[in-house]
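# Inside the fold
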Amino acid sequence: MLGVELNVEEPIGVTEAAQVPQQRGEHLLDAAVRYAEERHWDVFPGTWLEAVEGRERCSCGAAACPLPGAHADRPDWAGQATGSGAAARRMWSKQPRASVLLPTGRTFDALEVPESAGFLALARMERMDLTLGPVTCTPDRRMLFFVLPGGAGKASELVRALGWNAEAIDLTGRGEGHYIAAPPTRVGGRGAVQWARKPTHVNRWLPDVDELISPLAYACAREAADARTRTS
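Residues numbered from 1 in each chain as written. Predicted model: local features only at pLDDT ≥ 70, side-chain atom pairs only at ≥ 80, totals over all residues. Heavy atoms only, no water.

## As for the overall build of the protein chain
Helix and strand counts for the protein chain stand at six helices and ten strands. Put simply, of all contacts in the protein chain between residues at least 6 apart along the chain, 80% involve residues at least 24 apart. As displayed, the protein chain offers around 11600 Å² of accessible surface, 49% of which is attributable to carbon and sulfur atoms. (Helix = DSSP H or I, 4+ residues; strand = E, 2+ residues; numbered from the N terminus. Contact = heavy atoms within 4.5 Å. Areas by Shrake-Rupley, 256 points an atom, 1.4 Å probe, with all protein chains shown as cover.)

## As for a nonpolar patch on the surface
Among the surface-exposed residues, L162, W164 and Y218 lie close enough to one another that they form a single nonpolar patch of about 260 Å² accessible area. Counting through the fold element by element, W164 comes out in the loop between α5 (151-161) and β8 (172-174). (Patch = residues over 30% accessible without salt bridge, like charges linked within 9 Å, V, L, I, M, F, W, Y side chains within 5 Å. Salt bridge = Lys/Arg side-chain N within 4 Å of Asp/Glu carboxyl O.)

## Some points on the sheet that holds strand β4 (residues 100-103)
Taken in spatial order, the three strands make up an open sheet running β1-β4-β9, and their pairing is antiparallel. Here the strands that pair on one side only, and so sit at the sheet edges, are β1 (44-45) and β9 (179-181). Inspection of the sheet shows β1 paired to β4 by two bridges, in the antiparallel sense. If you follow P45 over to β4, its bridge partner there is V100. (Pairing = 2+ DSSP bridges.)

## So, the pattern of salt bridges
The full count for this structure, using the stated rule, is twelve salt bridges. A salt bridge links R174 to E112; the nearest nitrogen and oxygen atoms lie 2.8 Å apart. Of this pair, R174 sits in strand β8 while E112 sits in strand β5 (residues 109-114); the two residues are 62 residues apart in sequence, bridging distant segments of the chain. Note on R174: relative accessible area 23%, which makes it partly exposed. Across the salt bridge formed by D170 and R142, the nearest N and O atoms sit 2.7 Å from each other. (Buried < 20%, exposed > 50% of the residue type's maximum accessible area, 1.4 Å probe, protein only.)

## Points about helix α4 (residues 115-127)
Taking 1.5 Å per residue as the helical rise, α4 with its 13 residues ought to reach 18 Å, and the 19 Å between its terminal C-alpha atoms agrees with that figure. Residues E115, A117, G118, F119, A121, L122, A123 and M125 constitute the buried set of α4. Packed against the buried residues of α4 are β5, β6 (135-137), β7 (142-147), β10 (194-197) and α6 (209-231). Trailing α4 by a residue or two, D129 shows a phi angle of about 60°, which is positive. (Expected span 1.5 Å × (residues − 1).)

Rendered as structure tokens:
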């Protein structure tokens, strides 16, 4: 996933078969500590994967867990989150396999879109030379764009002002009371969460939701229209 240092990387281009670049592995503990120390993000440990009768199962014990090894393992997770690197090290030292989860609504919010729409929007944003924050890709083919706190609450109204319905085009916001899984968290056998755009010193200052909502909404609307055409 990420190296020990946060270095500037070349932006990802979009091709007909856009792919997340190969990323080297990193221990969950190291990632959690670095997010807290270098980005000042709150972190908290979630569930993890366990081998049960030769198969991987979420530590929550649910055989049909929808997010195996990648969700909060206690209802009071918000109070458990910490921005201290030392505290993060203690928590992951107790359970090194725990997923790395980041509360939204504190130092950042996230806009979630389908992966295909996300790559389309990312290419357009880069051509427009927009300021971009970190962006993750999940094994469930979703992308999350980091924006300033408060952005999630404004997303639906901003999309509506552009002439679309946020729910209908599959654009959602993650703000206060929510969390996201961070690299290198693995979601069952589906794969690991990865960075489409890594955290670097260049993108330490996050964009406001107003700056990204138009290209994201356009890409999502286009993807939704294509999906309707394919099924008609």
